[in-house]
Protein chains: 2
Amino acid sequence: MPTPPQGKRARNKLANRAAILEAARRCFLEHGYEAVTIRDVIRLSGLAAGTFYNYFPDKASLFRALIEARLGELQEQIHAARERATDIESFFYESYLATLKIVRSDPAFFALMFRNEPVLRSFYNDNFFGLIMASLKLDLQDAMVRGVVPELDVDALTAISFGAGYELARLMVQDTRRRPEDLARTVTDLLLNGINRSADRPKLIRLGSRLLGGAAR
Amino acid sequence: MPTPPQGKRARNKLANRAAILEAARRCFLEHGYEAVTIRDVIRLSGLAAGTFYNYFPDKASLFRALIEARLGELQEQIHAARERATDIESFFYESYLATLKIVRSDPAFFALMFRNEPVLRSFYNDNFFGLIMASLKLDLQDAMVRGVVPELDVDALTAISFGAGYELARLMVQDTRRRPEDLARTVTDLLLNGINRSADRPKLIRLGSRLLGGAAR
DNA sequence: CGATTCATTGACGCCGGCGTCAGGTTTTTG
DNA sequence: CAAAAACCTGACGCCGGCGTCAATGAATCG
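Residues numbered from 1 in each chain as written. Chains lettered and ligands numbered in written order. Predicted model: local features only at pLDDT ≥ 70, side-chain atom pairs only at ≥ 80, totals over all residues.

> Looking at this model, I keep getting lost on the overall build of chain A. Mind explaining?
Scanning chain A from terminus to terminus reveals 11 helices and 0 strands. Secondary structure elements in chain A, listed N-terminal to C-terminal, are α-α-α-α-α-α-α-α-α-α-α. Considering chain A as a whole, with its 217 residues, one finds that 40% of them fall into the buried category. Within chain A, residue pairs in contact and separated by at least 24 positions form 56% of the contacts whose partners lie at least 6 positions apart. (Helix = DSSP H or I, 4+ residues; strand = E, 2+ residues; numbered from the N terminus. Buried ≥ 20, exposed ≤ 12 C-beta atoms within 10 Å, placed from the backbone. Contact = placed C-beta atoms within 7 Å.)

Written out as structure tokens, the structure is:
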């Protein structure tokens, strides 16, 4: 796919599109979706006003184009991780690990996500992170039926484990020294065994605490 | 405080202020902070444009006025709940219970909060929910020093327990049949003992699951 | 190399929000 | 009851974003 098109015209089209997307990325990240005007993006892109409309009809399409590719990737990898899971421990660990690894691989992009959470919710009718939650809920229900996960309150468990992961992702974006493996380990252990019993085998977690927890922020 | 002022002028001032705030509440809830124009609020309030500026200098002040009172209340009640806590179990249970009870008492207000999360973050320099998180972290650290809570990775634990509570609050706003006591019980039990051991005593939680979990959404 | 196609440019008219302020109305004061 | 104060009103000028389109220039075609 890294083959650039032959014609000069076609190449320029790609360059313009890229310039617009890059300008948009910066704008949305810095000011947030709502506060950004198309004019802001146009100015930053260095192109003329009319040119913009050759590529995107409006702000919403622009924003969608910016996130859609990566969004699918995220969903797929998490799903694949859950497929691999054979027991409850790997179910949570692999889910969190896959998620946090992707977040770690492109913090800037996820900063953009966090920055614009409500827009994403509204765009995907409450379903961007909501989609992830929904799929988590389905997977959990499935796992419960199969006996892999005990039958608890599905919605509450979904909310709790999603919320935990969400904030951990945010934590990782803020603190670049955090490692996905450690956080995934910590949260999995916590969810499965609870604080009381996690204290019995504190090696891994306390190590993390000493190395990273104290220095964070 | 329910004594209305004597002068007709003073009474009218309160009425106007209330009308503006009520109009603002509706606008912000429906369209989100950024999308709302002062003109929208003015139109909905039924007053003249100039009048608005006798009460609020700009949109930000308006929004702040809308949330500030209740915000303090929230902080205080959570803090009070933690003061009461003598052990780890009551620490989490009382915190969650207090939070969820307040949320339950005025779902519309918290819908407004969720709807405008990023604005709140930016207004209180990442500190609206962030404030709550920060205080949670401090309380946790304190509890760890006192030996009430085992010494785990503070930041991770803060993120996990905050995220869990956040999503549970959202769940409660969406599903009005949810009871604060049940959810607080569930999440406390889960955090303390983990999924594995929670399954050993599933009475409370499975009850919730059967009654509510299946029907939700 | 001339003809043709096609994207880029940026000025333009429109629209709507912004905050103001002179004028009018109502309440308070004495 | 009249003078004064308070404050509400809404039209006004300004500003800036919006999407358009005729003109320009560059790439492609034959």
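> What exactly am I supposed to notice about the protein's contact with DNA strand D here?
Around DNA strand D, 20 residues are found, and the nearest of them are Gly7, Ile38 and Gly50 of chain A together with Ala48 and Gly50 of chain B. At the level of secondary structure, the elements contributing two or more residues to the surface near DNA strand D comprise α1 (8-31), α2 (38-45) and α3 (49-55) of chain A together with α1 (8-31) and α3 (49-55) of chain B. For the surface near DNA strand D, a count of residues per class yields 6 nonpolar, 8 polar and 6 charged. (Near = placed C-beta within 6 Å. Nonpolar A, V, L, I, M, F, W, Y, C, P; charged D, E, K, R; others polar.)

> Where do I start with the UniProt feature "DNA-binding region" (unreviewed entry) in chain A in this structure?
Within this structure's numbering, the places UniProt gives as "DNA-binding region" (unreviewed entry) are residues 37-56 of chain A. A helix fraction of 75% and a strand fraction of 0% characterise residues 37-56 of chain A, whose end C-alpha atoms lie 13 Å from each other. (UniProt positions renumbered as here; feature names shortened; annotations may be inferred.)

> Explain the UniProt feature "domain: HTH tetR-type" (unreviewed entry) in chain A to me, please; I cannot follow it from the model alone.
As recorded in UniProt, the feature "domain: HTH tetR-type" (unreviewed entry) lies at residues 14-74 of chain A. Structurally, residues 14-74 of chain A comprises 80% helix and 0% strand, and the distance from its first C-alpha atom to its last is 25 Å.

> Could you clarify how one ought to interpret the confidence of the model for chain A in this entry?
Detailed reading of the predicted coordinates is not advisable wherever pLDDT falls low. All names here are of chain A. Averaged over all residues, the pLDDT of chain A is 84; the fraction at 70 or higher stands at 86%. When pLDDT is averaged over each helix and strand of chain A, the minimum, 33, is found for helix α11 (residues 203-213) and the maximum, 98, for α2. Note that residues 201-217 has pLDDT below 50 and, in this model, 24 contacts with residues that lie over four places away or in other chains. (pLDDT = per-residue confidence, 0-100.)

> Where do I start with the protein's contact with DNA strand C in this structure?
The local shell around DNA strand C holds 19 residues, among which Ala48 and Gly50 of chain A together with Gly7, Ile38 and Gly50 of chain B are the closest. Mapped by element, the contributors of at least two residues to the surface near DNA strand C are α1 and α3 of chain A together with α1, α2 (38-45) and α3 of chain B. Looking at the surface near DNA strand C element by element, the count peaks at 4 residues for α3 of chain A. Across the surface near DNA strand C, the residue classes tally to 6 nonpolar, 8 polar and 5 charged.

> Explanation requested: the packing of helix α6 (residues 107-115) of chain B against helix α9 (residues 154-174) of chain B in the structure shown.
When two helices pack together, you describe them by how their axes are tilted relative to each other and by the distance separating the axes. Residues and elements named next belong to chain B. Following both chains from N to C, one finds α6 and α9 inclined at 130°, their axes separated by 10 Å at the closest point. By the angle class used here, α6 and α9 are oblique. Every pair of crossing elements has a handedness; the one defined by α6 and α9 is left-handed. Where α6 approaches α9, its residues Pro107, Phe110, Ala111 and Phe114 are matched on the opposing element by Ala169, Arg170 and Val173. Looking at the contact of α6 with α9, its residues break down into 6 nonpolar, no polar and 1 charged. (Axes fitted to C-alpha atoms, helices over the stretch in contact; angles between N-to-C directions. Parallel < 35°, antiparallel > 145°, perpendicular 65-115°, else oblique. Left-handed = near helix turned anticlockwise from the far one by under 90°.)

> It is not clear to me how the packing of α1 of chain B against α6 of chain B should be interpreted in this structure. Could you clarify?
All names here are of chain B. Where α1 meets α6, the axes come as close as 8 Å, and the angle between the chain directions of the two elements is 50°. With respect to α6, the axis of α1 lies oblique. Note on packing geometry: the crossing formed by α1 with α6 is left-handed. The residues of α6 that touch α1, namely those facing Arg25, Phe28 and Leu29, are Ala111, Leu112 and Arg115.

> I keep staring at the environment of Ser105 of chain B and nothing clicks. Help me out?
Of note, Ser105 of chain B is situated in helix α5 (residues 88-105). Spatially, the C-alpha atoms of Ser105 of chain B and Ala156 of chain B are 30 Å apart, while their sequence positions differ by 51 residues.

> When you look at the nonpolar core in this model, what are you seeing that I'm missing?
Nonpolar side chains tend toward joint burial in soluble globular proteins. Within the largest apolar cluster, 108 residues are counted, with the highest numbers of intra-cluster contacts made by Leu168 and Val187 of chain A together with Leu168 and Val187 of chain B. Once residues lying within four places of it in the same chain are set aside, the contact partners of Val187 of chain A are Tyr96, Ala164 and Leu168 of chain A together with Ala156 and Ile160 of chain B. (Core = buried A, V, L, I, M, F, W, Y, C linked by C-beta atoms within 7 Å.)

> How should the environment of Phe92 of chain A be read in this particular structure?
All names here are of chain A. Of note, Phe92 is situated in helix α5 (residues 88-105). Classification of Phe92 as buried rests on a count of 26 C-beta atoms within 10 Å. In the structure, Phe92 is positioned 10 residues away from Arg82 in sequence and 8.1 Å away in space, judged by C-alpha atoms. Those residues in contact with Phe92 that lie beyond four places of it in its chain are Thr188, Leu191 and Leu192.

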